[in-house]
Amino acid sequence: MTNLLLQKFNTQYNSAPFAEIKEEHYLPAFKELIDKSLQEIEEITHNPETPTFENTIEALAYSGEQLDVVSSIFFNLNSAETNDEIQQIAQEVSPLLTEFASKISQNEQLFSRIKKVYDEKDHYTLNEEQKMLLEETYKGFVRNGALLNDEKKEQLKNINIELSKKSLQFGQNVLAATNQYYKHLTNKDDLAGIPEAILAQYEEEAKERNLEGYVITLQFPSLLPVLTYAENRELRKELAIANGKKSFDGGEFDNQNLIKELVKLRQEKAQLLGYKSFADYVLEERMAKSPQKVLEFLNELLTKAKPFAQKDVEELSVLAKADGITEMQSYDHAYYAEKLRKQKFDFNDEELKPYFQLDKVQEAVFGLAGKLFGLEFVETSDIQKYHTDVKTYEVLEVGSQKSEDGSFKALLYADYHPRKGKRAGAWMTSFKNQYIKNGENHRPHISVVCNFTKPTSETPSLLTFNEVTTLFHEFGHALHGVLANTQYPNLSGTSVKWDFVELPSQFLENYCYEPEFLKTFAKHYQTGEVLPDEKIQKIEDSKNFMEGYQTLRQLSFGILDMSYHAENVKVEDVKTFETETIKATQVYPTLSETAVSTSFSHIFQGGYSAGYYSYKWAEVLDADAFQYFKENGIFNPEIAAKYKVLLSSGGTKDPMELYKNFRGSEPKVESLLKRAFG
Ligand SMILES: [Zn+2]
């Protein structure tokens, strides 16, 4: 019997045949499809004809079609509906896929064909998308060292091995240092101000260690309540310092030397590949393009946001003064911020939940997509699902008939509730990419996965406001996928530059703060009462609360990150380097016992190196894009049409070009400042 994963699916829209897939299908399918894909690569590599765009670049882009489909299904299920068997298979499959990828990237004969096409690109008549595909394909190989001689290739390989070892070590040190520390207390009075529910957790923690009383750890859910609620200033200070000292105390888990080594290795790697700095290497593949551009951006934001941060601190200082504190410290910030928040607009998640029924919120987001982009969502029972909780929709162009050619835009899977086998959080993904091949437009199969409270027989699923914005966020990503209309699968939908990918998602979140729109769906699930204006005002106020301070904090991370990856960087002493670099971003005195860098896992362990700026960058993009709508009507059809072009284009054009075509100018920091500070 043939394995059903090996061929085109015999289902409507070729959707994944979940009901028929068995776990034992995966591993043999992966093995066979990897072989088949390598066979395709071999054919491209050894094609007796001269290399052309079609027989090399395009052929490569379309290769491995079925392997992509099966990988998507398998890894999506490993996130949303996993079990021991799937996890076991993932362990076996992952190294096979890594090996497969390196067989392609190390294929010198294949690269020489690609290079020939690239060098002769002026002889071809290529459209913009084809030019982009050629550029990206070529660069992908070059950035992996394809142009280096054998000796340098070997050097690069060794640097990469060292880099991955040392980043792993960095993360392990932070983890070990976090776990090593705990604070034991026996007197409840020392914990005054901390909510009872949290104290119960501290008691649990103590019991697990066979101790009397309370134990606080440096795990975030344990640490944060102390900083936020503890009236005991000495305790706040002690915990804040313990946390800031992590991997910075000269002990066995110290990270200072690793930072110096990582910085040096990254610099070597960049130089080996012909870049001035590691930041130049990373940013070449980003919307921002150069370190200069990023630094200009961060510094502009710093200058403009600093007065607001200072105002935040002044406001808190008044409260602190009443407690006899003449000079606020960083460990006082969260405590007084919480006090002020309570004074100004005390409200909690529970108050809003009855107004946000999941079904109604989804209806609203569907309606919004209809208004802006002419889309319609029709629930269908003809599509196989991987779990009964999942709902499936056909996404159609409004007003067209299902049978009409071209009206079908996408399949949408909505999987909203938690269960064993689904990881935490919320995300958008796809089971199948959009692309056009041999004149046929293959439409995408998009999925939105969340963890919202399940309905009961008495109560429907009700969302916190945070969950409402989460749904809009993921749906924004989903629209990027649904509207995709490009030739090649690897330039389609959300396959865009890393600092551009959060624009569509964050953009859509803006609608949650528009009273005009909010009132169309935020209605009490029992009484039908529309969300009252004073509650809307509280949502608005709490969103921007302490925004000045938060902005400076983010900027300090962004600037620190860029400095470690800048040209000619030399780190003699981590603390000195850090203090000098982020001086201008600090609104509280620096504590000599602590450091940020030594537990800055985002950039030294994870993949945010020379990329931390992108959090604020994406905020400017979405604020600026939404500002355009606000000035002309949040449902303005002409602007929506222009925005639709941006969404449909995926990664086929330079993102700044796409953005300027939509907006008429580059994104402006002012739009973010206006939204945050009025
Ligand atoms: Zn996102």
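The structure under discussion appears in the preceding block.
Let me sum up the structure you'll find in this document. From a predicted model like this one, the values you see are computed outputs, not experimental measurements. (Residues numbered from 1 in each chain as written. Predicted model: local features only at pLDDT ≥ 70, side-chain atom pairs only at ≥ 80, totals over all residues. Heavy atoms only, no water.)

### A word on unusual backbone geometry
Trans peptide bonds make up most of the peptide bonds, and negative phi angles are found at most residues other than glycine.
So, point 1. Backbone geometry at N210 places phi at a positive 55 degrees, although glycine is not the residue there.
So, point 2. Among the structural elements, N210 can be located in the loop between α8 (196-208) and β2 (214-217).
So, point 3. For N210, a relative accessible area of 71% translates into the label exposed.
So, point 4. Although it is not a glycine, N568 sits at a positive phi angle of roughly 55 degrees. (Helix = DSSP H or I, 4+ residues; strand = E, 2+ residues; numbered from the N terminus. Buried < 20%, exposed > 50% of the residue type's maximum accessible area, 1.4 Å probe, protein only.)

### Section: helix α24 (residues 614-632)
So, point 1. With 19 residues, α24 extends 27 Å from end C-alpha to end C-alpha; this agrees with the ideal 27 Å at 1.5 Å per step.
So, point 2. The buried fraction of α24 amounts to 15 of the 19 residues, a majority that puts the element mostly inside the structure. (Expected span 1.5 Å × (residues − 1).)

### Notes on the nonpolar core
So, point 1. Grouped together as the largest cluster of nonpolar side chains are 123 residues, with contacts concentrated most on F356, F472, Y511, Y564 and F629.
So, point 2. Per-element accounting of this core gives the leading share, 9 residues, to helix α16 (residues 358-373).
So, point 3. Beyond its immediate sequence surroundings of up to four residues, Y564 is in contact with I259, V263, V569, V571, V574, F577, S597, I603 and F604.
So, point 4. L5, A90, Y118 and V390 belong to the second largest nonpolar core, which has 59 residues in total. (Core = buried A, V, L, I, M, F, W, Y, C linked by side-chain atoms within 4.5 Å. Contact = heavy atoms within 4.5 Å.)

### Here we look at the side chain of H333
So, point 1. Relative to the helices and strands, H333 resides in helix α14 (residues 330-345).
So, point 2. Of the residues examined, H333 reaches a relative accessible area of 6% and is grouped as buried.
So, point 3. In this structure, H333 is in contact with L316, M328, M546, Y549 and Y588, ignoring residues within four places of it in sequence.

### Section: the packing of aromatic side chains
The description of an aromatic ring pair uses the distance of the two centres, along with the angle that the planes make with each other.
So, point 1. This model, assessed by the stated rule, comprises 58 aromatic pairs.
So, point 2. With a centroid separation of 5.3 Å and 5 degrees between ring planes, the pair formed by Y608 and Y615 is classed as stacked.
So, point 3. Sitting above the plane of the Y281 ring, R143 keeps its charged end 4.0 Å from the centroid.
So, point 4. Of note, K543 hangs over the ring of Y513, and the distance from its end group to the ring centre comes to 4.4 Å. (Phe/Tyr/Trp six-rings, centres within 6.5 Å; stacked < 30°, edge-to-face > 60°. Lys NZ or Arg CZ within 6 Å of the ring centre and 35° of its normal.)

### Digging into the sheet that holds strand β5 (residues 408-415)
So, point 1. Ordered in space as β3-β4-β5-β9-β6, the 5 strands form an open sheet in which the pairing is mixed. The sheet is open, and its two borders are formed by β3 (375-379) and β6 (427-432), each paired with just one other strand. Shown here is a sheet whose adjacent strand axes are inclined to one another by a mean of 30 degrees, direction ignored.
So, point 2. Alignment of strand β4 (residues 391-397) against β5, held across 6 bridges, turns out to be antiparallel. Among the inter-strand pairings, V395 is bridged to a residue of β5, identified as A410.
So, point 3. The strands touched by helix α3 (residues 65-80) within the sheet are β5, β6 and β9 (445-449), with β6 carrying the most contacts at an inclination of about 145 degrees. (Pairing = 2+ DSSP bridges. Axes fitted to C-alpha atoms, helices over the stretch in contact; angles between N-to-C directions.)

### Some words on the environment of E666
So, point 1. Summarising the element assignment, E666 is placed in the loop between α26 (655-663) and α27 (669-677).
So, point 2. A relative accessible area of 32% means that E666 is categorised as partly exposed.
So, point 3. In the structure, E666 is positioned 45 residues away from L621 in sequence and 9.0 Å away in space, judged by C-alpha atoms.
So, point 4. Non-local contacts of E666, meaning those with residues more than four positions away in its chain, are made with K293, D624, M656, Y659 and K660.
So, point 5. Reaching out from E666, the side chain makes a polar contact with the side chain of K293 at a distance of 2.8 Å. (Polar contact = N/O pair within 3.5 Å; in protein donor to acceptor, adjacent residues only side chain to side chain.)

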